[in-house]
Amino acid sequence: MRYLRLLLPILLLIGWELVSWVVNNPFIVPSLETVIPILLHPFSPEYTLGTGSMVENAAISIQRVGLGFLVAAAVAIPIGILMGRSPLLNDFFDSTIELLRPIPPLAWVPLALAWFKIGLTSIVFIIFIGAFFPILLNTVDGVRSVKKTWLEVATTLGAKERQIMTKVVLPGAAPTIWTGLRVGFGIAWMCVVAAEWLPGISKGLGYLILYAYNFGQTNLIIAGMVVIGVIGLLIDFVFKRVEKKWFSWRGLER
Amino acid sequence: MSLVLKGISKSFLGEGKAEVQALSHINLEVADGEFVSILGPSGCGKTTLLRIIAGLDHATGGSILLDGNRIEGPCPRMAMIFQEYSLYPWRTVLDNIAFGLEMKGMEKPRRRAKALEFLEMVGLVDFAENYPFELSGGMRQRVAVARALAIDPQILLMDEPFGALDAQTRNMLQRELLEIWEKTKKTVIFVTHSVDEAVFLSDRVVVLTARPGTIRDIVPINLPRPRERTGTDFARIRRYVLDHVEKTAFSSKV
């Protein structure tokens, strides 16, 4: 049943509206008709307490998350490839990574502030920490999953070391690396919201919802949360589409 | 072209650091254009021997001479065909066949045109733009053969290439391989554990003993091709070779 998927969201919206009517306190449960106008005017700065329009805030958050995510990918993928290819380097890095990995990205906030002060660098650093480990671990896994026969075929067909890397190891590991990027981006997107709560930040979706709280504008908080959710969903959708288009061979190696 | 195996031995450290002798003093000369099978029970080191010839493993004793020159590593004059899982699942059939040419730096239109010739030879032109997972096991091995042929090697090294196929497909591919061999005049070294396959295909059958692998006998098969599996001569030679193999299997159990 295709439409069954829509049933629960619709029931939830109706329930919400009923509850808002019963509670009758817009600070606790704002009614739908105070949230929807905000979502319908994403380009208008009039609904966001003078923090710039929803789109503007979203663009800034996406920019920040993109920056931290790209830096994380640029560092994690090469290290992951080296670790996947060389047991020696794996042993060298592995214990450190296992020690650092369980530390939640947000636990790095005070240190980030101490090192980079208030500003973009701190935010990017937190996002970097969030995205780094899933990308790294998946890259290592992906490189290790490259079949020995694939490498040997390349060797016997005259491939040089560099060609084996670009024509066999990378494409062979690509689906798993892509999964790492997808998971990493998801975590990065979670981190950006919290990172925008750092002092001295004055834009971004995370900032917007906290700012709205300070003014008791729960309807704006919820509208901001909806936008955060939808953007996360859309980006994940793009990742999945690319995966389906380019990496549909995964699991069908024969 | 002449290929000479001189006193090839191979030992490795097994469990508990005990030295295991896999191959012992293998001497063999393969003539230009000859079809030689290496036959033996599993664990006799026949695949190891082939891998040493291909330059994928190193012998611990002896040497391999190709036209008088010692071979130390993978050599473009030989191409190896593996048992299975050797095609690159992210490449189309045509791009798989063109892989070796690409490694040599041949530009795209030329290598694709050339790959198409070999695709034609194995009768899969209609599948040029398909991916390996869309092909049956027999078709995939045809592609693997075409990919090896595409780099124009003098020697084809085949490691139980039809071992994973059903009996009918297997017989069909054996006949096709002989046609290709007659057409291209390649030298073939073919590893198999099937007596029937060895006798059907080869000019000579090299029977290996079980561990350590040594040459028990080299049986010339002087039957005209195409060979009839049901013929009395075929049955007689098959019986003879089978006796050899069984004896080696029994003697290794004692």
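Residues numbered from 1 in each chain as written. Chains lettered and ligands numbered in written order. Predicted model: local features only at pLDDT ≥ 70, side-chain atom pairs only at ≥ 80, totals over all residues.

Some words on the overall build of chain A
- Within chain A, the secondary structure is distributed over 10 helices and 0 strands.
- Going residue by residue from the N terminus, the α and β elements of chain A occur as α-α-α-α-α-α-α-α-α-α.
- If you line up chain A on its principal axes, its C-alpha atoms span 75 × 55 × 30 Å.
- Here chain A holds 254 residues, and 35% of them are scored as buried.
- Residue pairs at least 24 apart in sequence account for 70% of intrachain contacts in chain A once pairs closer than 6 positions are excluded. (Helix = DSSP H or I, 4+ residues; strand = E, 2+ residues; numbered from the N terminus. Buried ≥ 20, exposed ≤ 12 C-beta atoms within 10 Å, placed from the backbone. Contact = placed C-beta atoms within 7 Å.)

Digging into the sheet that holds strand E7 (residues 155–159) of chain B
All names here are of chain B.
- Sheet architecture is open: 6 strands sit in the order E6-E7-E8-E3-E9-E10, paired in mixed fashion. Sheet topology places strand E6 (78–81) and strand E10 (215–220) at the edges, where each strand pairs with a single neighbour. Recorded for the sheet is a direction-independent mean angle of 15° between the axes of neighbouring strands.
- Bridging between strand E9 (residues 204–208) and E10 involves 5 bridges; their strand directions are antiparallel. (Pairing = 2+ DSSP bridges. Axes fitted to C-alpha atoms, helices over the stretch in contact; angles between N-to-C directions.)

Focus on helix H6 (residues 167–184) of chain B
Residues and elements named next belong to chain B.
- The end-to-end C-alpha separation of H6 is 25 Å, in line with the 26 Å expected for 18 residues at 1.5 Å each.
- Among the residues of H6, Leu173, Gln174 and Leu177 are the ones counted as buried. The arc that holds every buried residue of H6, seen down its axis, measures 110°, which confines them to one face. Residues of H6 that are exposed and point more than 90 degrees away from the buried face comprise Gln168, Glu182 and Lys183.
- Directly after H6, the chain includes Lys185, whose backbone phi takes a positive value near 60°. (Expected span 1.5 Å × (residues − 1). Arc of directions from axis to C-beta.)

Let's talk about the confidence of the model for chain B
- Of the residues in chain B, 97% reach a pLDDT of 70 or more, and the chain-wide mean stands at 91.
- As scored by the predictor, the complex reaches a pTM of 0.88 and an ipTM of 0.90. (pLDDT = per-residue confidence, 0-100.)

Quick notes on the interface of chain B and chain A
- Each side of the interface is counted separately: chain B has 21 residues, and chain A has 16 residues.
- Of all the elements in the fold, those that place two or more residues in the side of chain B that touches chain A are E6 and helix H3 (99–103) of chain B.
- Residue contributions to the side of chain B that touches chain A peak at 3 residues, all from H3 of chain B.
- Of the residues that constitute the side of chain B that touches chain A, the class distribution is 17 nonpolar, 2 polar and 2 charged. (Nonpolar A, V, L, I, M, F, W, Y, C, P; charged D, E, K, R; others polar.)

Topic: the sheet that holds strand E1 (residues 3–13) of chain B
- Reading across the sheet, the 4 strands line up as E2-E1-E4-E5 (chain B) and stay open at both edges, with antiparallel pairing between neighbours. On the outer flanks of this sheet lie strand E2 (19–30) and strand E5 (69–70) of chain B, each paired with one strand and no other.

With respect to the nonpolar core
- Counting 128 residues, the largest nonpolar core has Ile126, Ile127, Ala131 and Ala188 of chain A together with Ile97, Leu157 and Ile189 of chain B as the members making the most contacts within it.
- Those residues in contact with Ala131 of chain A that sit more than four places away from it in its chain are Gly68, Phe69, Ala72, Gly184, Phe185, Ile187 and Ala188 of chain A. (Core = buried A, V, L, I, M, F, W, Y, C linked by C-beta atoms within 7 Å.)

Section: the packing of helix H3 (residues 54–85) of chain A against helix H4 (residues 87–100) of chain A
All names here are of chain A.
- Running from amino to carboxyl end, H3 crosses H4 at an angle of 125°, the nearest separation of the two axes being 5 Å. On the basis of their axis angle, the class for H3 and H4 is oblique. Only Leu89, Asn90 and Phe93 of H4 make contact with H3, whose side of the interface consists of Ile79, Leu82 and Met83.
- Grouping the amino acids of the contact of H3 with H4 by side-chain chemistry returns 5 nonpolar, 1 polar and no charged. (Parallel < 35°, antiparallel > 145°, perpendicular 65-115°, else oblique.)

Details of the environment of Leu5 of chain B
Residues and elements named next belong to chain B.
- Here Leu5 lies in strand E1.
- Residue classification places Leu5 among the buried positions, given that 23 C-beta atoms sit within 10 Å.
- Between the C-alpha atoms of Leu5 and Ile215, which are 210 residues apart in sequence, the distance is 12 Å.
- Excluding residues that lie within four positions of it along the chain, Leu5 makes contacts with Ile26, Asn27, Leu28 and Ile64.

Things to note about unusual backbone geometry
- Pro226 of chain B follows Arg225 of chain B through a cis peptide bond whose omega is -5°.
- The phi dihedral of Asn24 of chain A falls on the positive side, at around 55°, and the residue is not glycine.
- Relative to the helices and strands, Asn24 of chain A is located in the loop between helix H1 (4–23) and helix H2 (32–40).
- Positive phi outside glycine occurs at Tyr85 of chain B, with the angle close to 55°.
- Following the sequence through the fold, Tyr85 of chain B ends up in the loop between E6 and helix H2 (93–97).

So, the environment of Arg77 of chain B
All names here are of chain B.
- In this structure, Arg77 sits in the loop between E5 and E6.
- Taking the number of C-beta atoms within 10 Å as the measure of exposure, Arg77 has 16 and is therefore partly exposed.
- C-alpha separation for the pair Arg77 and Ile221, spaced 144 residues apart in sequence, amounts to 26 Å.
- Apart from residues lying up to four places away in sequence, Arg77 is in contact with Leu66, Pro153, Gln154 and Ile155.

Brief notes about the packing of helix H9 (residues 205–214) of chain A against helix H10 (residues 218–246) of chain A
All names here are of chain A.
- Remark: H9 packs on H10, axes separated minimally by 8 Å, with the N-to-C direction vectors making an angle of 165°. Judged by the inter-axis angle, H9 sits roughly antiparallel to H10. In the crossing of H9 with H10, the sense of the turn from one axis to the other is left-handed. The segment H9 lies against H10, with Leu205, Leu208, Ile209, Ala212 and Tyr213 engaging Leu220, Ile221, Gly224, Met225, Val227 and Ile228. (Left-handed = near helix turned anticlockwise from the far one by under 90°.)

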